[in-house]
Amino acid sequence: MAAPLSASTARQPNPVQRALAAAGLPTQDFASLAGPLGVTPRETLFSQGTLKLHHFKPQADAVYRVPVLIVTSLVNQPYILDLVPGQSMVAHLLKQGFDVYMIEWGRPRREHAGLTLEDHVLDRLPRCVERVLQHSGETRLSIIGYCVGGLLSVLYAALHPKAPLKNLVCMAAPVNGNGLESLKAWMGPDFDVEALLEHYGNVPADWVQNTLRALRPFGKMAGAMSLLNQIDNDDVVRSNLRMGKWETDNIPFPGAVFRQMVNDFLRGNKLVKGEWAIGGRRVDLAQITVPLLHLLAADDHITPYASSRDLVPMVGSPDKQELILKGGHVGLVAGRGAQTRMWPALDAWLAPRST
């Protein structure tokens, strides 16, 4: 049972501190309350610069033949997909019998500012695919890409139509730059990309974080008020702090990739126009012919529907599906609703295609 608020705590304006006190926990001990995150047992198979390729220890007696490679976002820590037991998409997949691998792009330093989309899509991702197949002993794999990781996965699949890819799952993957209206307006012709990159090299992590927060200016306040209404629920408090810890743990955006994303994806909207060239090769979404599932959140302010809805109609896959689920961008993969909505839907679609 939650402990009552003390008189001193009751005067504190910070709703998170009040929630901690209500749970009988030290009001400043945020990190220990959230606990260690991303703790599902794994081994690192391969590294290249900041990149690491992890393999998670199987947790089921029988494992599906086709391995799964998770491609995470460039600007967020991958542990959002593996928070803690009971709040981990990775652990759910393992328990369902999937053989799970994950790319962790790492935290770029100034010497990595020159990394481009070509480096990620034509070199680093294909190397990881090769290592997964070598390690698993299989000839094909499934890819699951989240957010920007979903976009990278789409670019890889389109540019490698003969790749050993059996299935492609995207979660909240943007493909239409015009649909990112707030970002497009902010980073319009008056936004000086070169001045930012000349000064910093990479886009700083706190700049990334503030940009995402600006998409929903009162979101943090609304979340805090919602937390106050549930301060007697210890599980809700702990889950909220885990998500909060992750949301403030952004990764710098590689400078050269950022330049390409702003100029070609946002301003030029070249992907859906069929005009985007990566390494001199045009990206044609119709070249994607493997089974494809696109999982979307109904209340996604980071990847709104206008930015994601073109993927399924534009790919050439005869077996393709778009599924819109209740929730937001992060809740889609890690919220309480993910356990009852998205994870089962992902398992139901992927399992019969993984034999």
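Asker: What is the right way to look at helix α6 (residues 148–159) in this model?
Answerer: Because each turn of an α-helix spans 3.6 residues, side chains separated by three or four positions end up pointing in the same direction. Helix length check: α6 (12 residues) gives 17 Å between terminal C-alpha atoms against 16 Å at 1.5 Å per residue, within 8%. Most of α6 sits inside the fold, with 12 of its 12 residues counted as buried. Buried residues of α6: V148, G149, G150, L151, L152, S153, V154, L155, Y156, A157, A158 and L159, and no others.

Asker: Explain the packing of helix α8 (residues 193–200) against helix α12 (residues 255–267) here, please?
Answerer: A pair of packed helices can be characterised by two numbers: the angle between their axes and the separation between those axes. For the pair α8 and α12, the least separation of the axes is 10 Å and the interaxial angle reads 170°. Taken as axis vectors, α8 and α12 run roughly antiparallel relative to one another. Contacts between α8 and α12 involve V193, E194, L196 and L197 from the first element and G255, F258, R259, V262 and R267 from the second. Residue composition of the contact of α8 with α12, grouped by class: 5 nonpolar, 1 polar and 3 charged.

Asker: Is there a simple way to explain the sheet that holds strand β2 (residues 51–56) in this structure?
Answerer: The strands making up a sheet associate through hydrogen bonds between their backbones, and the pairing can be parallel or antiparallel. A sheet is described by the order of its strands in space; here 8 strands give the open sequence β1-β2-β4-β3-β5-β6-β9-β10, paired in mixed fashion. Here the strands that pair on one side only, and so sit at the sheet edges, are β1 (42–48) and β10 (320–325). Put simply, the sheet's adjacent strands are angled 20° from each other on average, direction ignored. Sheet analysis places strand β5 (residues 141–146) next to strand β6 (residues 165–171), joined by 6 bridges and oriented parallel. From the neighbouring strand, G145 faces β6, where its bridge partner is C170. Contacts between α6 and the sheet are confined to β3 (68–71), β5 and β6, with β5 contributing the most and set at about 140° to the helix. On top of the sheet, helix α18 (residues 342–350) reaches β3, β5, β6, β9 (292–297) and β10; it is set at about 160° to β6, its chief contact.

Asker: Even after reading the chapter, I still don't get the pairing of β2, so can you show me in this structure?
Answerer: The side chains of a regular strand alternate, residue by residue, between the two faces of the sheet. Buried residues dominate β2, accounting for 5 of its 6 residues. Across 6 bridges, the pairing between β1 and β2 is antiparallel. Residue Q48 lies in a different strand from β2, and its bridge partner there is L51. Hairpin connection, β1 to β2: the antiparallel pair is bridged by 2 residues, and G49 has positive phi, about 65°. Where β2 and strand β4 (residues 100–104) come together, 4 bridges link them in antiparallel fashion. Bridge pairing links H55 to Y101 in β4.

Asker: Just checking my understanding: could you explain unusual backbone geometry for this structure?
Answerer: Among all residues save glycine, negative phi is the norm, and among peptide bonds the norm is trans. One non-glycine residue, C147, adopts positive backbone phi at about 60°. Take C147: it is sitting in the loop between β5 and α6. With a phi close to 45°, N269 is a non-glycine residue in the positive phi region. With respect to the secondary-structure elements, N269 resides in the loop between α12 and α13 (270–273). With relative accessibility at 4%, the residue N269 sits in the buried group.

Asker: Would you take a moment to explain the pattern of salt bridges for this structure?
Answerer: If the charged atoms of two oppositely charged side chains come close together, the side chains can form a pair. Within this structure, the stated rule accounts for 8 salt bridges. Close ionic contact of R42 with E104 constitutes a salt bridge, the shortest N to O distance being 3.8 Å. Taken as a pair, R42 in strand β1 and E104 in strand β4 lie far apart in primary sequence, 62 residues in all. According to the relative accessible area criterion, R42 is partly exposed, its value standing at 38%. With a shortest N-O distance of 2.9 Å, E111 and R109 are connected by a salt bridge.

Asker: What exactly am I supposed to notice about the packing of aromatic side chains here?
Answerer: How two aromatic rings sit relative to each other is set out by the distance from centre to centre and by the angle between their planes. Across all of its chains, the model carries 4 aromatic pairs by this definition. With a centroid separation of 6.4 Å and 70° between ring planes, the pair formed by F191 and F258 is classed as edge-to-face. Note that F191 is positioned in the loop between α7 (181–186) and α8 and F258 in helix α12, a separation of 67 residues in sequence. Like F191, the residue F258 is buried in the burial classification. Through successive ring pairs, a cluster of aromatic residues spans F191, F253 and F258.

Asker: Any chance you could explain the side chain of S153 here in plain terms?
Answerer: Tracing the backbone shows S153 in helix α6. Those residues in contact with S153 that sit more than four places away from it in its chain are V71, I143, G145 and L168.

Asker: Explanation requested: the confidence of the model for the protein chain in the structure shown.
Answerer: Segments scoring low in pLDDT should not have their predicted coordinates read at a detailed level. Confidence along the protein chain averages 86 in pLDDT terms, with 80% of residues attaining 70 or more. Across residues 1–13, where pLDDT falls below 50, the model places 20 contacts with residues more than four positions away in sequence or in other chains.

Asker: Can you walk me through helix α5 (residues 117–136) in this structure?
Answerer: Along its 20 residues, α5 runs 27 Å from first to last C-alpha, staying within 8% of the 28 Å computed at 1.5 Å per residue. At R124, α5 shows its strongest bend, of approximately 30°, with the proline P126 following within four residues. Of the positions making up α5, those classed as buried are L117, H120, V121, R124, L125, P126, C128, V129, V132 and L133. Backbone geometry just downstream of α5 places G137 in the positive-phi region, at approximately 80°.

Thresholds, definitions, all that
Residues numbered from 1 in each chain as written. Predicted model: local features only at pLDDT ≥ 70, side-chain atom pairs only at ≥ 80, totals over all residues. Heavy atoms only, no water. Helix = DSSP H or I, 4+ residues; strand = E, 2+ residues; numbered from the N terminus. Expected span 1.5 Å × (residues − 1). Buried < 20%, exposed > 50% of the residue type's maximum accessible area, 1.4 Å probe, protein only. Axes fitted to C-alpha atoms, helices over the stretch in contact; angles between N-to-C directions. Parallel < 35°, antiparallel > 145°, perpendicular 65-115°, else oblique. Contact = heavy atoms within 4.5 Å. Nonpolar A, V, L, I, M, F, W, Y, C, P; charged D, E, K, R; others polar. Pairing = 2+ DSSP bridges. Salt bridge = Lys/Arg side-chain N within 4 Å of Asp/Glu carboxyl O. Phe/Tyr/Trp six-rings, centres within 6.5 Å; stacked < 30°, edge-to-face > 60°. pLDDT = per-residue confidence, 0-100. Bend = angle between axes of the 7 residues up to and from the residue.

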